[in-house]
Number of protein chains: 2
Amino acid sequence: MKIEAVDFFYLSMPEVYDIGDGSQDACLVRVRAGGLTGWGECEAAPLPSIAAFVCPMSHSACKPVRASVLGRSIDDVADIRRIGDLVRDQSLDLLQADHTLSGIDTALWDLLGKRLGEPVYRLLGYETAYPKMPYASMLFGDTPSETYDKGRRTRAKGFRAAKFGWGPIGLNGVEADIEQFKAAREGLGEDGTLLIDIGTVWRDDVDAASKRVKALREVRATWLEEPFVSGALEAYKQLSLRAAPVKLAGGEGCHNFHMARHMIDYAAIGYVQIDAGRIGGLSVAKRVADYAHARGVTYVNHTFTSHLQLSASLQPFAGLEDDVIAEYPVEPKSLAIELTANHIELDEDGFIHVPDAPGLGMTVNVARLKDYLVEVEIRVKGQVIYQTPDLD
Amino acid sequence: MKIEAVDFFYLSMPEVYDIGDGSQDACLVRVRAGGLTGWGECEAAPLPSIAAFVCPMSHSACKPVRASVLGRSIDDVADIRRIGDLVRDQSLDLLQADHTLSGIDTALWDLLGKRLGEPVYRLLGYETAYPKMPYASMLFGDTPSETYDKGRRTRAKGFRAAKFGWGPIGLNGVEADIEQFKAAREGLGEDGTLLIDIGTVWRDDVDAASKRVKALREVRATWLEEPFVSGALEAYKQLSLRAAPVKLAGGEGCHNFHMARHMIDYAAIGYVQIDAGRIGGLSVAKRVADYAHARGVTYVNHTFTSHLQLSASLQPFAGLEDDVIAEYPVEPKSLAIELTANHIELDEDGFIHVPDAPGLGMTVNVARLKDYLVEVEIRVKGQVIYQTPDLD
């Protein structure tokens, strides 16, 4: 099959608020080949990602992403990897390219799975997809009592695990943070898996982070996520020594295999969290899963958008039986919910299952998305080089 | 002063060829505050970089770069650093943001230097700017005999050093590469400083690189540049052990301080090459220069465009007397030459000098640039969110 069309769609809620909620817009990618359609998402600012797909060439190592994709053959798994390598070579100096590639790569796996009648995880080399224990991913409440209530409600919905993210953490001093950690544990209950996410608020300040470590141990947090920016490897390593048995988690900012490897090799993290919508797609995410597995680091998906992206995020570690924790967004905006007609729901034991269907196993709800479509037009030298394609 | 306007200009040669020449287009940034104008360049694909400046917000950590720049105060050095930190926080998930910020940060230093009547290197903390020995940066010829001629011509122009870059290297086997290395040495003469640039062609294949090491020693190459992609730290480290006394050089792909630090901490490079137009501007480049200096690694600019960018690239290490090698593009396209009215020329001893004038000390040749201006218009939801500004 030849790749006949790669179309980008910028979708958005009518209003986007200045809050830490990545489900307010979406960058959806549709790939067509051989009469089939594959879908993927870039977890990325839609407009720069579209620009990286269509921009004029700057030089031989700074080409638009489409130069490496359109018209290429897509018949087997090796073709997808070849396209990814070509993008990384030909768009080496185009920083946004990794985010743009992510949605394309994912859509190619979806398309190939449909063509071969196999779920993506099997094409990635796994025999079996094991159940995952989803954690409810949400923000801390503004007050400890709100956080407590969030924990209670999460258990009531059937979740065994919850992650509380940044919000007020780091803004009001050590004692205030500790109260929040305690409220999260109390709300979730003694037997729940408690995960704490700091959202890089301490940048690379090991001392600021260390002051919260004792409290994190006392509330038996399973992990402390993103105390620092992804690149602060030495800070991670130092904190990991002080935080044990609480493990560090990080990696969502990685936009290529090497960055994830650095976190595993040098940052002493216990959990590597990969956003398949940023790192270059499922091909790269699977490579990280293999590398992490070989080194005793647990792989976790990073997912904050739709169930199309949730399915995509689960495939790269579907076959790793012991890597059981999975991120599951619980407070997404209607766009993220309505993006697919079907959803990945919790079973009665609180587990989720990768769809056992060809490709990603998700049906994009095309008719419903028209309401969210953001019309974009880009003109260069008077020529239209991008215009929102028909969504049909 | 308040930052009143930040304007991006996409400039390009009439034709852009599929060759490794980064001077074929330019992304020029003009900042206005307090009646003054500062100029900077992003070494980046212009269209995605513009999109990252103007795009709608996706969420609180994925804002357009302009949200952190327009209307901010710019009165001293701390203000510039504060703006950079704000961009990195508020555009954390917008990958292209570092490239976009680079031109803005540089323009802010130029503007502040003009305001305070000081060259940028003094604002960066250096008392003195030492002369640098420019190397002629160019591609290998298609044949050894072409490479030889290039070396001869370079010496005739007064250069003491030359770097030969990728071109045919890695494409025709070990023996062919060795012939090229020898031709470069012969052309340059026994006393010239010979630098070899591989342009990441071996990705992370240490064995492929190792096969050329003996020849590199024999031709007394000072450095072997970018045998691998920037992230392949372990491959760099392994090769550095085999290559001594030839040192490894790399880092041009780094788009933040942490990535450069990783190359210094983990890759065992001898020279860290920073593109101030990619890493987040002069603020971040200077931080890398300080870090490298403290660890015995030599700082070198990476510059492949105009003399505005050349001046910007030299400022962060202007005061490091021993870090004497500097990249100097010798075959730029007319756009890169005409971008400034004045130029940084070799003195009779083959050295160059950072302009001893306020700001970057370069005069942008506004009238001449109109011929290179690429008209761009971006519409979102029917509204024009970017249109090429007036260049006057």
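Residues numbered from 1 in each chain as written. Chains lettered and ligands numbered in written order. Predicted model: local features only at pLDDT ≥ 70, side-chain atom pairs only at ≥ 80, totals over all residues.

1. As for the interface of chain A and chain B
With 48 residues of chain A at the contact, the number on the chain B side is 48 residues. Sorting the residues of the side of chain A that touches chain B by element identifies helix H1 (46–54), helix H3 (97–116), helix H10 (257–266) and strand S12 (376–380) of chain A as the ones contributing at least two each. Considering only residue class, the side of chain A that touches chain B consists of 25 nonpolar, 15 polar and eight charged. Here S12 of chain A pairs with strand S12 (residues 376–380) of chain B via five bridges, running antiparallel. If you follow Glu377 of chain A over to S12 of chain B, its bridge partner there is Arg379 of chain B. (Contact = placed C-beta atoms within 7 Å. Helix = DSSP H or I, 4+ residues; strand = E, 2+ residues; numbered from the N terminus. Nonpolar A, V, L, I, M, F, W, Y, C, P; charged D, E, K, R; others polar. Pairing = 2+ DSSP bridges.)

2. Some remarks on the pairing of strand S7 (residues 221–225) of chain A
Residues and elements named next belong to chain A. In terms of burial, S7 is largely enclosed, as five of its five residues are buried. Where strand S6 (residues 193–197) meets S7, four bridges bridge the pair, whose relative direction is parallel. When the sheet's bridge partners are listed, Asp197 is paired in S7 with Glu225. Here S7 runs beside strand S8 (residues 247–250); their pairing, made up of three bridges, is parallel. Residue pairing for S8: Glu225 is matched across the bridge by Ala249. Considered for its hand, the β-α-β crossover made up of S7, helix H9 (residues 233–243) and S8 is right-handed. (Buried ≥ 20, exposed ≤ 12 C-beta atoms within 10 Å, placed from the backbone. Right-handed = clockwise from strand over helix to strand, strands pointing away.)

3. Things to note about the environment of Ile378 of chain A
Of note, Ile378 of chain A is situated in strand S12. Looking at Ile378 of chain A, the number of C-beta atoms within 10 Å reads 23, which means it is buried. Remark: the alpha-carbon pair of Ile378 of chain A and Ile50 of chain A, spanning 328 residues in sequence, is separated by 9.6 Å. The contact partners of Ile378 of chain A, leaving out residues within four places of it in the chain, are Ala51, Val54, Ile385 and Tyr386 of chain A together with Ile378 of chain B.

4. Quick notes on the domain arrangement of chain A
Accessible area lost upon the coming together of the parts serves often as the stated size of an interface. Residues and elements named next belong to chain A. Along its sequence, chain A is carved into domain 1 (3–118 + 369–387) and domain 2 (123–338). Placing a centre on the C-alpha atoms of domain 1 and another on those of domain 2 gives a separation of 27 Å. Listed as interface residues are 32 residues of domain 1 and, on the opposing side, 28 residues of domain 2. Contributing elements (two or more residues each) for the side of domain 1 that touches domain 2: strand S3 (36–42), helix H2 (77–90) and H3. Here the element with the most residues in the side of domain 1 that touches domain 2 is H3; it accounts for twelve residues. Class assignment of the residues belonging to the side of domain 1 that touches domain 2 gives a composition of 14 nonpolar, eleven polar and seven charged. (Domains from an automatic or database assignment.)

5. Notes on the relation of the copies chain A and chain B
Aligned on chain B, chain A shows an RMSD of 0.0 Å; the corresponding rotation is 180° and the shift along the axis is 0.0 Å. Put plainly, the chains are arranged around a two-fold axis. Both copies present the same face, since 100% of the interface residues in chain A are matched by interface residues at the equivalent positions in chain B. (Least-squares fit on C-alpha atoms with pLDDT ≥ 70 in both.)

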